[in-house]
Amino acid sequence: MRFYEKFIINVLNKGAVPKLMAFIMDGNRRYAVSHGRKKFEGHGSGFESLKKTLEWCMELGVKEVSVFAFSIDNFQREKEEVDVLMELARDKLKEISENNEFLQKNGVKTTIIGNLELAPQDVRDTMDLVMKRTEKNTNLQLNICFCYDFTYEIERAIELYHKEKENKEKSKEEDSAEEARIAREILSKHMLIKTEPDILVRTSNEIRFSNFMLSQCCSSMVCFLKENWPEMSILSMLKIILQYQAQEKSLKQLRTHLDDYERKEILAQKKPVAAA
């Protein structure tokens, strides 16, 4: 890491820093076109940008990072580009999970999340290998969302919720408030990502969520950057963290308010109805 990067990180660490971050890594293709290259060639640059960003996150003390690597909708792209993305995932993930390589050297535990049955078998085998190799790492939790979108995640959670509910007998003493609480707990248990990011970052000047972690990010701060993902720099991270530090108190107040509102709703449902 360069001297000026360390300096900026040391300055940022004087203030509040998010512990959980999420990134929509957008703009690889635009970056490639702007540099006179084929669209699919930008994904390799995007992978290197991910490694740099994870290094900065670890230096800042971030504990969990979730990234949107490949959407289910991306299968609609040209076959050549999809094949390149699958090969990149297979080869690069295997490479950086080797001993003394990026994931192992930095203690990054990697979980790959999504409808992985849609990926080729050799890619799935590599993903299983990476998760096995890194399962005991503790410095950073990396969630790679691959063959993912939130529609798949919530439909899967609801299906598993109904299966679990069918296997349980409803208690006669269970009121509607308690039933709602249990339903929320069961549904949350079956979500692929169970944590709520402090901040969601999207690059490439696009102002949309693209069906990514919609439930988990409902009370997260959102930061939209103009630069394409391969153009991420320490100055990009500076903008992200400074925006977070400016809004951190408001974010905490919002989450406290939402927690209080939920508790009041539960208590209101438990109150007995007055006799007419």
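Above this text sits the structure in question.
Glancing now at empty space enclosed by the protein. Taken as a whole and assessed by the stated rule, the structure comprises one cavity of 30 Å³ or more. The space that makes up the largest cavity amounts to roughly 60 Å³. Lining the largest cavity are Phe47, Leu50, Lys51, Leu54, Leu93, Ile96, Phe102, Leu103, Thr110, Leu142 and Ile144. Among the elements that line the lining of the largest cavity, the one with the most residues is helix 3 (residues 42-60), at four residues.

If you walk across this open sheet you meet the six strands as 3-4-2-1-5-6, and the pairing is parallel. At either margin of the open sheet sits one strand with a lone partner, and together these are strand 3 (108-113) and strand 6 (221-224). Within this sheet the neighbouring strands show an average axis-to-axis angle of 20°, counted without direction. Bridge analysis of strand 5 (residues 199-202) against strand 6 gives four bridges, and the strand direction is parallel. Within strand 6, the position partnered with Val201 by the bridge is Cys223. With respect to the sheet, helix 6 (residues 121-134) is in contact with strand 3 and strand 4 (140-148), its orientation differing from that of strand 3 by roughly 150°.

We now examine the nonpolar core. Counting residues in hydrophobic clusters, the biggest one holds 51 residues, and the most contacted among them are Met21, Phe23, Val65, Phe146, Met237 and Ile240. When residues of this core are assigned to their parent elements, the largest contribution, seven residues, is made by helix 3. With residues near it in sequence (within four places) discarded, Ile240 still touches Met21, Phe23, Ile199, Val201, Cys223, Leu225 and Met232. Within the second largest apolar cluster, 14 residues are counted, among which are Cys145, Ala157, Ile193 and Met213.

Another point: the pattern of salt bridges. Side chains carrying opposite charge are able to pair once their charged atoms draw close together. Per the counting criterion, the structure on display carries 17 salt bridges. A salt bridge links Lys163 to Glu159, with the nearest nitrogen and oxygen atoms 3.5 Å apart. With Lys163 and Glu159 both in helix 7 (residues 150-166) and four residues apart, this pair spans about one turn of that helix. The exposure class of Lys163 is partly exposed, given its relative accessible area of 45%. Between Lys252 and Glu248 there is a salt bridge whose closest N-O contact spans 3.0 Å. Here Lys252 and its partner Glu248 are both found in helix 9 (residues 234-270), four residues apart, which amounts to about one turn of the helix. A relative accessible area of 13% places Glu248 in the buried class. One network of salt bridges, in which partners are shared, links Arg29, Arg77 and Glu81.

This part is about the layout of surface pockets. Reported here for the largest pocket is a volume of approximately 810 Å³. Lining the largest pocket are 34 residues; nearest its centre among them are Met25, Asn28, Phe68, Ala69 and Asn74. The set of elements that each furnish at least two residues to the lining of the largest pocket consists of helix 2 (28-34), helix 3, strand 2 (64-71), helix 4 (79-96) and strand 4. Here the lining of the largest pocket is composed, by residue class, of 17 nonpolar, eight polar and nine charged.

With that out of the way, let us pick up the environment of Ile158. Here Ile158 is to be found in helix 7. Along the sequence, Ile158 and Ile186 sit 28 residues apart, while their C-alpha atoms lie 9.2 Å from each other.

A large share of strand 4 lies buried, amounting to nine of its nine residues. Pairing geometry for strand 2 and strand 4, over seven bridges, is parallel. From the neighbouring strand, Ser66 faces strand 4, where its bridge partner is Asn143. Where strand 3 meets strand 4, six bridges bridge the pair, whose relative direction is parallel. Of the residues in strand 4, the one forming a bridge with Thr110 is Leu142.

Definitions and limits used
- Numbering of residues begins from 1 in every chain and follows the order in which that chain's sequence is written.
- It should be noted that, the model being predicted, local features are given only for residues of pLDDT at least 70 and side-chain atom pairs only at 80 or more, the latter also being counted only at that level, while totals for whole chains, interfaces and linings use all residues.
- Heavy atoms from the whole structure form the basis of all side-chain values; hydrogens and water molecules are not counted.
- Grid spacing is 1 Å over the protein atoms alone, the probe is 1.4 Å, and a cavity is where that probe fits but cannot get out, while a pocket is an open set with protein on both sides within 12 Å along at least five of seven lines and lining residues have an atom within 4 Å of a point.
- Grid points are joined across faces, edges and corners, and a volume is the space filled by probe spheres set on the points.
- Every helix listed is a DSSP run of H or I at least four residues long, and every strand listed is a run of E at least two residues long, numbered separately from the N terminus.
- Two strands qualify as a pair provided DSSP detects at least 2 bridges between them.
- Lines fitted to C-alpha atoms define the axes, with helix axes restricted to the stretch in contact, and inter-axis angles between N-to-C directions lie between 0 and 180 degrees.
- Two residues form a contact once any of their heavy atoms are found within 4.5 Å.
- By nonpolar core we mean a set of buried residues, namely Ala, Val, Leu, Ile, Met, Phe, Trp, Tyr and Cys, connected to one another through side-chain atoms within 4.5 Å.
- Relative accessible area decides the class of each residue, using a 1.4 Å probe on protein chains only: under 20% of the type maximum gives buried, over 50% gives exposed, and in between gives partly exposed.
- The working definition used for a salt bridge is a side-chain nitrogen of Lys or Arg within 4 Å of a carboxyl oxygen of Asp or Glu.
- Each residue is assigned to one of three groups, with Ala, Val, Leu, Ile, Met, Phe, Trp, Tyr, Cys and Pro labelled nonpolar, Asp, Glu, Lys and Arg labelled charged, and all others, Gly among them, labelled polar.

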